[in-house]
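An overview of the molecular structure
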Amino acid sequence: MQRRKVIGLAGAGVVGAATAGVVGGRLTGGGSGSAAAAAPDRTAFYGTRQAGIVTPAQDRLHFVAFDVITKDKAALVDMLQSWTAAAARMTAGQEAGALGAVGGLPEAPPDDTGEALGLPAAGLTLTIGFGPSLFDSRFGLRGRKPAALADLPKFPGDTIDPALSGGDICVQACANDPQVAVHAVRNLARIGMGVVSVRWSQLGFGRTSSTSTAQATPRNLFGFKDGTANLKAEEATLLDEHLWVKPGDGPDWMTGGSYLVTRKIRMLIETWDRTSLLEQETIVGRNKGEGAPLSGRGEYDEPDFTALDGKGEPLIAKVAHVRLAHPTVNGGARMLRRGYNFVDGSDGLGRLNAGLFFISYQRDPHKQFVPVQSKLARQDQLNEYIRHVSSGLFACPPGIPAADDYWGRSLFA
Amino acid sequence: MRTPRLLALVAATAAAVPLAACGGNDSGSDAASSDKITVDASDTECKVASSESDAGTTTFAIANKGNKVTEFYVYAPGDRVMGEVENIAPGLSRELIVELAAGTYETACKPGMIGKGIRNAFKVSGSAAPLTEDAKLAQATADYQRYVKSQTGALIDKTTEFVNAVKGGDIEKSKALFPVARTYWERIEPVAESFGDLDPKIDAREADLEAGQKWTGFHKIEKDLWVAKDVSKSGPAADQLLADVKTIVDKANTVTLSPVQLANGSKGLLDEVATGKITGEEDTFSHTDLWDFAANVEGSQAAIAALRPALEEKDPALVKTLDERFASVEAALEKHRDGDGWKLHNTLSQTDLKTLSDEINALSEPISKVAALVAGQ
């Protein structure tokens, strides 16, 4: 099979998955490990940090949580090695296996599922995390569990469905093409058959946070800009303070990593939509048009929580979302948020089954996510319009510097 | 086709064995350079200069340009090592000379000598010996044929008992015999499915029918037994079922399945479990799906057992995996045993079904590799 050049996004949709001869973007079987270096929309897989955290948020998400079903530690480690190899390939715009969707024997099932043939790397990142439940007696990891991975508390008003929550291992797949993200998760799930079993997964679209100053602030399904005050990739000092686990924070295997919290937040869209603009803005504490705090004019104006209106009332209400979540009232706690909107069709009552799949990364969830969410859960007026239905907490280890490392080596070695 | 014998002569660069034409002084260095396939290995890349060669001897020249000790492998499907060079220190070059039959392979650099390596596809063209030369595979076909014969004998016996009970109006006896007769059917279903229209006549589910299609076979009588609770008009359907079963048995005993068909049949039976039995769609009125589940797994195992001597030679590690996973499926299923038979599908919890589904997936993935193994390499 000939080595193929990667074409840009432009050609991708047109070419589609046709025969091997006209495959456009995706590098098919015969390509060498280096060919993908030329791919323009490729996010580097190897590095000291895992990609997919400060990487400028892509447009699409497929998040998956797995239960480990084997009792054999060696089988789990072997799968993590296979996953790592496949992830390195797929994030480079290559097929999951070297033989690919059409390059193998006709009698064998293809080692790639094929739906991403012709598609570019699309900025794909794959980020792995290990959940609290992995650190039980099965694999002798009890002693390696970081304190930061203690279960999240139950927050007031939580309506968490255990079947949609937790998991031993998670993979966050983000890409600018939903098919590329789904392809990646599908192939990892397939490689993991017999070792892991999918517990739950979530598709997301329309990133709801910007993680780089180069990105405009997007809107969530309430129609408001979300994540204006997010940690950003360019803020190295803040990232070291709030995002990355430092030496001495906990077990060494997590140094340089970050903790991931996921919350699936169902939005009660229909009732929100018949709420007046004034009330919506009061609840959020920002105006809907610009995203400016009600105390200021521009989106990036720092909110002034002491500013009063003509009647002596605070311009930003005491229980406005922006106030309750602000670092200044949470001991300086900041997080890097990376959430996505979701619409899982409609429910049986004809309402949009939609909301926010909240994702945050932080150095210690119990010092960052937990205090903020405790405050929000008790006081936030938005609670009238949202329900937390799923919750996840995962330890995401540092990155893989080169191909001699694999996901979880520092944990299992 | 015989398993290609491994011929891996590892030689340091200096001691390279010039196996093929060293072009002498003809037209530059083309001949000499085309003999060897260069591999530039680094800590994150593995650039193999060519992704194909002709059957016979191939020489890879591996240069480690990274900072870590590396290894180079050539794998046949299933990660069978065809040749390897270990311990290539940074800055050093080594050669791997390996004899490869036509087929599809993978090359891998393993910087740090850890993990699955950086893989590339590698294709070898040329002629391959015909499959039938392998005595062990030929034996597999004969062994499976004997299995089919034993199962079809029992199928006719038990279907006859079932049909007689139905015609005699004995609903309880008919209900008891329904899953038993189906067991012999489900074990050899891949054979049955090779006879186009007979399979639906015997085994069509109500949902499978198109408008106007006449419904016959096991599931029609199942509905009479469990829903209508009246078999007074089921006589013709019962007679037709027995006649169709006898026809298919006659045909089945004349057919010879190739090793690849055996392997695919083995996988197909597990697919049946995954799509029809786990969901309870197979026996939607009687809920006796676990009987069919067990029978499918037994049939799948019988096909693999026939192939076993050939597989042992080609890939002993795969055989071990298959043994473990068949045992694991059986243990998981055993929890739902009820006397001589099985619990009803509608008494299993969602968690029970998820566990069984995971077990079938875990077994099906390695089984999906068997066909290529017996077909090609």
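The text that follows walks through the structure, step by step, so that each part is easy to find. (Residues numbered from 1 in each chain as written. Chains lettered and ligands numbered in written order. Predicted model: local features only at pLDDT ≥ 70, side-chain atom pairs only at ≥ 80, totals over all residues. Heavy atoms only, no water.)

Topic: the overall build of chain B
Helix and strand counts for chain B come out as twelve helices and twelve strands. Counting across all 377 residues of chain B, residues that qualify as buried make up 51%. Across chain B, the fraction of contacts at a sequence separation of at least 24, relative to all contacts at a separation of at least 6, is 70%. With the model as given, the accessible surface of chain B reaches about 16,100 Å², and the carbon-plus-sulfur share is 52%. (Helix = DSSP H or I, 4+ residues; strand = E, 2+ residues; numbered from the N terminus. Buried < 20%, exposed > 50% of the residue type's maximum accessible area, 1.4 Å probe, protein only. Contact = heavy atoms within 4.5 Å. Areas by Shrake-Rupley, 256 points an atom, 1.4 Å probe, with all protein chains shown as cover.)

Side note on the overall build of chain A
Per the secondary structure count, chain A includes nine helices and nine strands. Against the globule reference of 22 Å for 413 residues, chain A gives a C-alpha radius of gyration of 22 Å, in line with a compact fold. Overall, the C-alpha framework of chain A stretches about 75 × 50 × 45 Å when taken along its three principal axes. Residues counted as buried form 58% of the 413 residues belonging to chain A. Side-chain charges in chain A split into 43 positive and 41 negative, and the spacing between the mean points of these groups amounts to 1 Å. (Rg over C-alpha atoms; globule rule 2.2 N^0.38 Å. Lys, Arg positive; Asp, Glu negative; His and termini not counted. Charge placed at Lys NZ, Arg CZ, Asp CG, Glu CD.)

Structural notes on the state of the cysteines
Residue and element names in this part refer to chain B. On inspection of all chains with the given rule, the structure shows one disulfide over all chains. Between Cys46 and Cys109 runs a disulfide, and the two sulfur atoms are separated by 2.0 Å. On the sign convention where negative means left-handed, the S-S torsion of about 55° between Cys46 and Cys109 marks this disulfide as right-handed. Taken together, the positions of Cys46 in strand β3 (residues 46–48) and Cys109 in strand β9 (residues 103–109) put the pair 63 residues apart, joining distant regions of the chain. Assessed through its relative accessible area of 1%, Cys109 is described here as buried. (Disulfide = S-S within 2.5 Å.)

Examining the pattern of salt bridges
All names here are of chain B. In the structure shown here, the tally under the stated rule is 48 salt bridges over all chains. A salt bridge links Glu106 to Arg119; the shortest N-O distance between them is 3.0 Å. Here the residue Glu106 occupies a position in strand β9, and Arg119 occupies one in strand β10 (residues 118–125), the gap between them amounting to 13 residues. Judged by relative accessible area, Glu106 falls into the buried class, the value being 12%. Relative accessible area serves as the criterion here: at 10%, Arg119 is assigned to the buried category. Three or more residues joined by partner-sharing salt bridges are found here, namely Arg182, Glu186, Asp203, Arg205, Asp208, Glu272, Lys277, Glu282, Asp283 and Asp292. (Salt bridge = Lys/Arg side-chain N within 4 Å of Asp/Glu carboxyl O.)

A closer look at helix α6 (residues 218–228) of chain B
All names here are of chain B. Residues of α6 that are buried include every one of Phe218, His219, Ile221, Glu222, Asp224, Leu225 and Trp226, and no others. Elements in contact with the buried residues of α6: α2 (135–167), α3 (171–187), α5 (198–203) and α7 (235–252). Within two residues after α6, Lys229 carries a phi angle of roughly 50°, on the positive side.

What about a nonpolar patch on the surface?
All names here are of chain A. Where nonpolar side chains cluster on the molecular surface, the patch consists of Phe205, Val343 and Leu352 and spans about 200 Å² of accessible area. Topologically, Val343 is positioned in strand β7 (residues 340–346). Owing to a relative accessible area of 36%, Val343 belongs among the partly exposed residues under this scheme. (Patch = residues over 30% accessible without salt bridge, like charges linked within 9 Å, V, L, I, M, F, W, Y side chains within 5 Å.)

Some points on the packing of α3(B) against α6(B)
All names here are of chain B. One way to put it is that α3 packs onto α6 with a least axis distance of 10 Å and a crossing angle of 155°. The angle between the axes of α3 and α6 places the two elements in the roughly antiparallel class. Regarding α3 and α6, the two cross each other, and that crossing is left-handed. When α3 is examined against α6, the residues Ile171, Ser174, Lys175, Phe178, Ala181, Arg182 and Trp185 are found in contact with a partner set consisting of Phe218, His219, Glu222, Leu225 and Trp226. Here the contact of α3 with α6 is built from residues that sort into seven nonpolar, two polar and three charged. (Axes fitted to C-alpha atoms, helices over the stretch in contact; angles between N-to-C directions. Parallel < 35°, antiparallel > 145°, perpendicular 65-115°, else oblique. Left-handed = near helix turned anticlockwise from the far one by under 90°. Nonpolar A, V, L, I, M, F, W, Y, C, P; charged D, E, K, R; others polar.)

Some details on the environment of B:Trp185
All names here are of chain B. Tracing the backbone through its elements, the reader meets Trp185 in helix α3. With 102 residues separating them in the primary sequence, Trp185 and His287 have C-alpha atoms 17 Å apart. Among residues more than four places away in sequence, those in contact with Trp185 are Leu155, Ala192, Asp199, Ile202, Asp203, Phe218 and Ile248.

Some details on unusual backbone geometry
Among all residues except glycine, the phi angle is most often negative; among peptide bonds, the trans geometry is most common. Residue and element names in this part refer to chain B. Positioned with a positive phi, Met113 is a non-glycine residue whose angle comes to about 55°. With respect to the helices, strands and loops of the structure, Met113 is situated in the loop between β9 and β10. A relative accessible area of 36% places Met113 in the partly exposed class. One non-glycine residue with positive phi stands out, namely His287, at about 60°. Take His287: it is sitting in the loop between α8 (259–277) and α9 (289–314).

Quick look at empty space enclosed by the protein
Residues and elements named next belong to chain A. Considering all chains together, one arrives at four cavities of 30 Å³ or more under this definition. The volume enclosed by the largest cavity comes to roughly 780 Å³. What lines the largest cavity is a set of 37 residues, and nearest its centre among them are Asp226, His321, Ala325, Arg337 and Leu376. Mapped by element, the contributors of at least two residues to the lining of the largest cavity are β5 (258–267), α7 (321–324), β8 (352–362), α8 (369–379) and β9 (386–396). In terms of residue count, the dominant contributor to the lining of the largest cavity is α8 (four residues). The class makeup of the residues in the lining of the largest cavity is 19 nonpolar, eleven polar and seven charged. Of the voids in this model, the second largest cavity is the one considered here, and its volume is about 60 Å³. Along its surface, the second largest cavity is lined by Phe45, Arg49, Gln50, Ala51, Leu126, Gly399, Ile400 and Trp407. (1 Å grid on protein atoms, 1.4 Å probe; cavity = no way out; pocket = protein on both sides within 12 Å on 5 of 7 lines; lining within 4 Å. Points joined across faces, edges and corners; volume = space filled by probe spheres on them.)

Some remarks on the interface of chain B and chain A
Listed by partner, the interface residues are 35 residues for chain B and 36 residues for chain A. Overall, the association of chain B and chain A removes approximately 2,800 Å² of surface from exposure, summing both partners, and the carbon and sulfur fraction of that is 58%. There are three salt bridges connecting chain B and chain A. Measuring nitrogen to oxygen at the nearest pair gives 2.8 Å for the salt bridge that ties B:Lys68 to A:Asp404. Run the count over chain B and chain A and you get eight residue pairs in polar contact (both at pLDDT 80 or more). Elements supplying a minimum of two residues to the side of chain B that touches chain A: β3, β9, β10, α11 (350–367) and α12 (370–375) of chain B. Per-element accounting of the side of chain B that touches chain A gives the leading share, five residues, to α11(B). (Buried area = accessible area lost by both parts, 1.4 Å probe. Polar contact = N/O pair within 3.5 Å; in protein donor to acceptor, adjacent residues only side chain to side chain.)

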